[in-house]
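Residues per chain, in single letters:
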Amino acid sequence: MTRSAGLERLSAFLAEAGAAYGASRNTDRGPDGPATTSALSPYLRRRLLTEAEVAAAATAALGAAAAEPFVSEVFWRTYFKGHLETHPDAWTRYRAELADQRARLDAEPGLRRTYEKAVAGETGIDGFDDWARELAETGWLHNHARMWFASIWIFTLRLPWPLGADVFLRHLIDGDPASNTLSWRWVAGLHTRGKPYRARRDNIRRYTEGRHDPGGLDEDAAALAEAMPPREAPMAPADAAPDGPVALLLHLDDLHPESLPLGSARVARIGGLIAHAEGAADRVRDADKAAMADALARAAAHFGCPADPVHADWAGDLPVVTAWAPLGPSAAALPSGCLRLRRAWDTRAWPLSTRGFFRLKRAIPELIGA
């Protein structure tokens, strides 16, 4: 999991499958079939590649019109981060509900059996069981399969959505707190109130090219409901980097320190902070560690100073600066008093992400131009 591997993947995608992305992206050909997506999300999730450079590369290689479907997908990641930053209740509620549902698993044997069969891929539902095993074995699912899986989990198996979101976050190699939480809420009909995503047999059959044909799905289930949607909150202000020497703290939400807006600050020391998702699978932990090691090596070469995992008193008396960490494990683990820097991409896009996606989508040409 390195930046150079991400750049190679980006180059290969644009040269081979990029032009066909708009027509083929919804088709899931399985783990052994030809790819129909870019598979760049593990690198974007950790910002080994930035959204800005990926969108710019796609536009330059394919032209604005041909690149639009792919660039829009890149902006969905930005949208989810901005929406969660301005609706932090969605994250805190998810965490609280997850704790409640875990307690139910301990107290309700019937719920626990259904949950365990779903996670193990032993429900008897064609397609769903394959995706459950693929998730556990590879840490990956096609985006369309993620939607089908979540819908069947919620509406056919009647399992609590926070438990499913937790399974994804622990196993997905690209698991992102904002994208994962809000995608599950969207499928459930909570993010866009009253408009759930329902997995349909004919849709699954069509977009798996006949590999799966599940019967018994509840295709008419009502959306989930909540008394009050998460309220919008003002976006927390970013800090400015101070003049003079600083200690730069890297975390898993932003591992491209070479492009951080550091102003006239001079990086004299670098530390790497790894905060895995709670209960993360070994594959995810290994990817996190490899990504951090790559970032520390690049940062040491770029800034010409020591770069190591954080330890007691690693920064000495230097002010600590770090890239903005959106809500999630990294943000929770940041030391108090550190200065949080926000990229121009986020500063421009996140305020447009407070409602539905299409307000942000309309601004994409302007944002890319900026």
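Just above, that's the structure.
Computed from a predicted model, the values in this text were never measured in an experiment.

Rules of the game
- Residues numbered from 1 in each chain as written.
- Predicted model: local features only at pLDDT ≥ 70, side-chain atom pairs only at ≥ 80, totals over all residues.
- Heavy atoms only, no water.
- Core = buried A, V, L, I, M, F, W, Y, C linked by side-chain atoms within 4.5 Å.
- Buried < 20%, exposed > 50% of the residue type's maximum accessible area, 1.4 Å probe, protein only.
- Helix = DSSP H or I, 4+ residues; strand = E, 2+ residues; numbered from the N terminus.
- Contact = heavy atoms within 4.5 Å.
- 1 Å grid on protein atoms, 1.4 Å probe; cavity = no way out; pocket = protein on both sides within 12 Å on 5 of 7 lines; lining within 4 Å.
- Points joined across faces, edges and corners; volume = space filled by probe spheres on them.
- Polar contact = N/O pair within 3.5 Å; in protein donor to acceptor, adjacent residues only side chain to side chain.
- Expected span 1.5 Å × (residues − 1).
- Axes fitted to C-alpha atoms, helices over the stretch in contact; angles between N-to-C directions.
- Parallel < 35°, antiparallel > 145°, perpendicular 65-115°, else oblique.
- Nonpolar A, V, L, I, M, F, W, Y, C, P; charged D, E, K, R; others polar.
- Pairing = 2+ DSSP bridges.

Caption draft 1: Representation of the nonpolar core. F128, W131, I152, W153, W184, L250 and I270 are the most contacted members of the largest nonpolar core, which totals 95 residues. With nine residues, the top contributor of residues to this core is helix 9 (residues 143-156). If we ignore the near neighbours within four places in the chain, the residues touching I152 are I125, F128, W131, L157, A199, I204 and L217.

Caption draft 2: View of empty space enclosed by the protein. On inspection of all chains with the given rule, the structure shows one cavity of 30 Å³ or more. Empty space within the largest cavity amounts to approximately 100 Å³.

Caption draft 3: Quick peek at unusual backbone geometry. The phi angle at R47 is positive, at roughly 50°, despite the residue not being glycine. By the element assignment, R47 lies in the loop between helix 3 (41-45) and helix 4 (51-62). Although it is not a glycine, D313 sits at a positive phi angle of roughly 60°. Checked against the element boundaries, D313 lands in the loop between strand 3 (307-309) and strand 4 (320-323).

Caption draft 4: Examining the side chain of H276 more closely. Structurally, the position occupied by H276 is in the loop between strand 2 (265-273) and helix 13 (282-303). With a relative accessible area of 18%, H276 lands in the buried category. In this structure the side chain of H276 is engaged in a polar contact, spanning 2.9 Å, whose partner is the side chain of D288. Aside from chain neighbours lying at most four places away, what touches H276 is R285, D288, K289 and P329.

Caption draft 5: Seen up close, helix 13. With 22 residues, helix 13 should reach 32 Å at 1.5 Å per residue; the first-to-last C-alpha distance of 31 Å fits that figure. Residues of helix 13 that are buried: V284, A287, D288, A291, M292, D294, A295, L296, R298 and A299. On the buried face of helix 13, the contacting elements are helix 1 (3-16), helix 10 (161-171), strand 1 (244-251), strand 2 and strand 3. Looking one or two residues beyond helix 13, the residue adopting positive phi is G304, at roughly 65°.

Caption draft 6: Region of interest: the side chain of H251. Residue placement: H251 occurs in strand 1. When its relative accessible area of 0% is taken as the criterion, H251 is described as buried. Looking at H251, its side chain comes within polar contact range of the main-chain oxygen of A323, at 2.7 Å. Beyond its immediate sequence surroundings of up to four residues, H251 is in contact with L273, M292, T322, A323, W324, A325, S330 and L334.

Caption draft 7: Representation of the packing of helix 4 against helix 5 (residues 64-86) within the structure. Between helix 4 and helix 5, the shortest axis-to-axis distance is 8 Å and the interhelical angle comes to 170°. Taken together, helix 4 and helix 5 sit at an angle that is classed as roughly antiparallel. The segment helix 4 lies against helix 5, with E51, V54, A55, A58, T59 and L62 engaging A64, A66, A67, F70, V71, V74, R77, T78 and K81. Per-class residue counts for the contact of helix 4 with helix 5 are ten nonpolar, two polar and three charged.

Caption draft 8: Structural view of the pairing of strand 4. Residues V320 and T322 point to one face of strand 4 and V321 and A323 to the other, with burial holding for every one of them. As judged from the three bridges shared by strand 1 and strand 4, these two strands associate in the parallel manner. Across the sheet, the residue bridging to L248 is V321, located in strand 4. Taken together, the three bridges between strand 4 and strand 5 (residues 339-341) define a ladder with parallel strand orientation. Paired with V321 across the strands is L339, a residue of strand 5.

Caption draft 9: Spatial organisation of the layout of surface pockets. Quantified by volume, the largest pocket comes out at close to 1,200 Å³. Considering the residues around the largest pocket, the lining is formed by 43 residues, among which E73, W76, F80, N143 and S183 are closest to the centre. Its residues assigned to classes, the lining of the largest pocket shows 21 nonpolar, 15 polar and seven charged. Around the second largest pocket sit 15 residues that line it, and G30, P31, G33, A35 and W140 are the ones nearest its centre. Classifying every residue of the lining of the second largest pocket gives five nonpolar, seven polar and three charged.

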